[in-house]
Amino acid sequence: MKKALLMLAEGFEEVEALTVVDYLRRKDIACDICSITDEKKVEGAHRIVVEADKLLKDISNKDYDGIILPGGLPGATNLRDDDRVIELIKEFNKSEKLIAAICAAPIVLERAKVIAGKDITSYPGTENELTSGNYKEDLVVRDGHIITARGPAVAVYFALEIVSYFVGKDIREDLEKEILLDMVENKVKK
């Protein structure tokens, strides 16, 4: 079974975090929520409090197949400014394990120096901080073991891309049907 680690800092974007955890767990991909604070309860950007499964001080990259960073402000800057998070991302990168960041969170990847020459995207306005990557305006961008996405409205597609990365396109398509995405997309196109 694949196992992912989702990082939470004060001010995280709730929909980006919880959509990913929900969809991974639906497809039997273990996903631990990890607080970078000394408390398991972490408050999001919109005052929703989430209780983490783990604390950063107890984490080893050896236990996980990927790391996921939700955006939100000041959540993304809190992740970026934590040296432990940066070191953990560097470890995941050395092993070419999944590194996924949405919204403003790609700024963390820039500081960790893991996106040089990679195709990436982010929330509009943060691209000026992402000088080492090849910036795209696509909703979700996957380049090797790195997945980035624009923001809250694409959290579903970000999560689906992570599911696809871990367990393949067929399982992703099953999940799309389970969540009625095909029905929604057909209605939106009309």
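Rules used in this analysis
- Residues numbered from 1 in each chain as written.
- Predicted model: local features only at pLDDT ≥ 70, side-chain atom pairs only at ≥ 80, totals over all residues.
- Heavy atoms only, no water.
- Helix = DSSP H or I, 4+ residues; strand = E, 2+ residues; numbered from the N terminus.
- Buried < 20%, exposed > 50% of the residue type's maximum accessible area, 1.4 Å probe, protein only.
- Contact = heavy atoms within 4.5 Å.
- Areas by Shrake-Rupley, 256 points an atom, 1.4 Å probe, with all protein chains shown as cover.
- Lys, Arg positive; Asp, Glu negative; His and termini not counted.
- Charge placed at Lys NZ, Arg CZ, Asp CG, Glu CD.
- Patch = residues over 30% accessible without salt bridge, like charges linked within 9 Å, V, L, I, M, F, W, Y side chains within 5 Å.
- Salt bridge = Lys/Arg side-chain N within 4 Å of Asp/Glu carboxyl O.
- Core = buried A, V, L, I, M, F, W, Y, C linked by side-chain atoms within 4.5 Å.
- Pairing = 2+ DSSP bridges.
- Axes fitted to C-alpha atoms, helices over the stretch in contact; angles between N-to-C directions.

**Quick word on the overall build of the protein chain**
From N to C terminus, the protein chain includes seven helices and eleven strands. With the C-alpha coordinates of the protein chain rotated into their principal frame, the extents come out at 45 × 35 × 35 Å. Of all 190 residues assigned to the protein chain, the portion counted as buried reaches 51%. Sequence-distant contacts, at least 24 apart, represent 63% of the contacts inside the protein chain between residues at least 6 apart. For the protein chain, the accessible area works out to roughly 9,100 Å², and carbon and sulfur atoms hold 46% of it. Seen as two clouds, the 28 positive and the 36 negative side-chain charges of the protein chain have centres 2 Å apart.

**Digging into a nonpolar patch on the surface**
A contiguous nonpolar surface patch, about 380 Å² in accessible area, is contributed by Leu180, Met183, Val184 and Val188. Within the fold, Val188 resides in helix H7 (residues 181-189).

**Quick notes on unusual backbone geometry**
Phi is mostly negative for residues that are not glycine, and the peptide bonds are mostly trans. That bond from Leu73 to Pro74 is cis: its omega, 10°, falls within 30 degrees of zero. The backbone of Arg47 sits at a positive phi, close to 65°, despite the residue not being glycine. Position of Arg47 relative to the elements: it lies in the loop between strand E3 (41-43) and strand E4 (49-51). Although it is not a glycine, Glu96 adopts a positive phi angle of roughly 55°. Residue placement: Glu96 occurs in the loop between helix H3 (83-94) and strand E7 (98-102).

**Side note on the nonpolar core**
The biggest cluster of nonpolar side chains holds 33 residues, and the ones touching the most others in it are Leu6, Leu8, Val20, Leu24, Ile68, Phe158 and Ile162. If you list the elements that add at least two residues to this core, you get strand E1 (3-8), helix H1 (14-26), strand E2 (30-35), E7, strand E11 (146-149) and helix H5 (155-167). Element by element, the count of residues in this core is highest for H5, at seven residues. What Phe158 contacts, discounting residues up to four positions off in sequence, is Val20, Ile68, Ala100, Ala101, Ile102, Val140, Ile147 and Ala149. In terms of nonpolar packing, the next biggest core, distinct from the first, is built from 30 residues, Leu56, Ala105, Ile120 and Ile146 among them.

**A word on the sheet that holds E2**
Taken together, seven strands build an open sheet; the order of strands is E5-E2-E1-E6-E7-E11-E10 and the sheet is mixed. Across the chains shown, the open sheet's two edge strands, defined by having one partner strand only, are strand E5 (54-55) and strand E10 (140-143). Relative to E7, strand E6 (residues 66-69) is paired through four bridges, and the arrangement is parallel. Paired with Ile68 across the strands is Ala100, a residue of E7. Where H3 meets the sheet, it contacts E1, E6, E7 and E11, and its direction lies at approximately 135° from that of E6.

**Thoughts on the environment of Arg80**
Tracing the sequence through the fold places Arg80 in helix H2 (residues 75-80). Expressed as a C-alpha distance, the spacing of Arg80 and Glu110, which sit 30 residues apart in the sequence, is 8.8 Å. Not counting chain neighbours up to four residues away, the residues in contact with Arg80 comprise Ile86, Ile107, Val108, Arg111 and Glu129.

Coordinates in, geometry out; function isn't part of it.
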